[in-house]
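# Overview (structure and organization)
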Amino acid sequence: MDQVKDTIRLDKWLWQARFFKSRSLAAGVVSAGKVRVDGTPVSKPARSVGPGNTLTFVKETDTKVVRIVACGTRRGPAPEAQALYEDLSPEPVKNIHSPNPSFDGKGRPTKRDRRNMKAQRDMKRSFDLD
């Protein structure tokens with residue numbers, strides 16, 4: 001007797017596991033060739049996947065690496081979706097540079113800071129004129 005392996009369409013699984021809001025978005029990413037199944041690029045949304053397969057794809061700015069644990073039967077709540085896979089993704093890289101290095105995350109200058117900056121500029125100008 002042959003055991004039938006439990007499989008599901010790749011786009012449908014990505015949608016059920018809540019990686020994409022719609023199945024058509026998942027199918028678009030797969031069609032663009034941006035998903036790898038066990039290291040092999042895939043371009044057909046109808047590709048069958050099942051437990052044990054490893055998927056690699058980019059979601060927004062993060063690289064996701066997941067191992068399929070179960071196929072699932074519906075797109076349920078988030079805890080049910082998270083039970084469908086094991087996350088093997090690398091830790092995200094921390095941005096060590098502040099987007100605005102002059103204030104280092106302190107926000108806008110206060111009124112007092114602006115007055116001090118203006119006073120320093122005025123003092124510098126008075127020395128430059130001499």
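Use the structure listed above.
Anyway, here's the lowdown on the structure attached to this text. All figures in this text were calculated on a predicted structure; none of them were measured in a lab.

## Remarks on the environment of Leu84
By the secondary structure assignment, Leu84 is in the loop between α3 (78–82) and β7 (85–87). What makes Leu84 buried here is its relative accessible area of 8%. Filtering out sequence-adjacent residues up to four positions away, Leu84 remains in contact with Trp13, Gln16, Ala17, Arg67, Ile68, Val69, Ala70, Cys71 and Gly72.

## Thoughts on unusual backbone geometry
In the Ramachandran plot, Arg18 falls in the positive-phi region, its phi being about 65° despite a non-glycine side chain. Inspection of the secondary structure assignment puts Arg18 in the loop between α1 (10–16) and α2 (23–31). The class for Arg18 is partly exposed, based on a relative accessible area of 39%. Backbone geometry at Asp38 places phi at a positive 55°, although glycine is not the residue there. Locating Asp38 in the fold gives a position in the loop between β2 (35–37) and β3 (40–42).

## Quick look at α2
Residues Ala26, Ala27, Val29 and Val30 constitute the buried set of α2. Along the axis of α2, the buried positions cluster into a sector of 160°, meaning they face one direction only. Where α2 is buried, its residues touch α1, β2 and β3. Trailing α2 by a residue or two, Gly33 shows a phi angle of about 80°, which is positive.

## Here's the deal with the pairing of strand β6 (residues 62–68)
Two strands pair when backbone bridges link them, and strand β5 (residues 54–59) and β6 are joined in this way by 6 bridges, in the antiparallel orientation. Bridge pairing in β6 places Thr54 opposite Arg67. Connecting β5 to the next strand, β6, in antiparallel fashion are 2 residues, including Glu60 with a positive phi near 60°. Relative to β7, β6 runs antiparallel, the two being bridged by 3 bridges. Paired with Ile68 across the two strands is Tyr85, which belongs to β7.

## Concerning the pattern of salt bridges
A full pass over the atoms with the stated rule returns 6 salt bridges. Arg74 is the salt-bridge partner of Glu80, the closest N and O atoms lying 2.9 Å from each other. Glu80 gets classed as partly exposed once you look at its relative accessible area, which sits at 31%.

## Some words on the sheet that holds β7
With respect to topology, 5 strands assemble into an open sheet ordered β3-β2-β5-β6-β7, the strand pairing being antiparallel. Of all strands in the sheet, those bounded by a partner on one side alone are β3 and β7. Adjacent strand axes in the sheet meet at a mean angle of 30°, parallel and antiparallel pairs treated alike.

Calculation rules
- Residues numbered from 1 in each chain as written.
- Predicted model: local features only at pLDDT ≥ 70, side-chain atom pairs only at ≥ 80, totals over all residues.
- Heavy atoms only, no water.
- Helix = DSSP H or I, 4+ residues; strand = E, 2+ residues; numbered from the N terminus.
- Buried < 20%, exposed > 50% of the residue type's maximum accessible area, 1.4 Å probe, protein only.
- Contact = heavy atoms within 4.5 Å.
- Arc of directions from axis to C-beta.
- Pairing = 2+ DSSP bridges.
- Salt bridge = Lys/Arg side-chain N within 4 Å of Asp/Glu carboxyl O.
- Axes fitted to C-alpha atoms, helices over the stretch in contact; angles between N-to-C directions.

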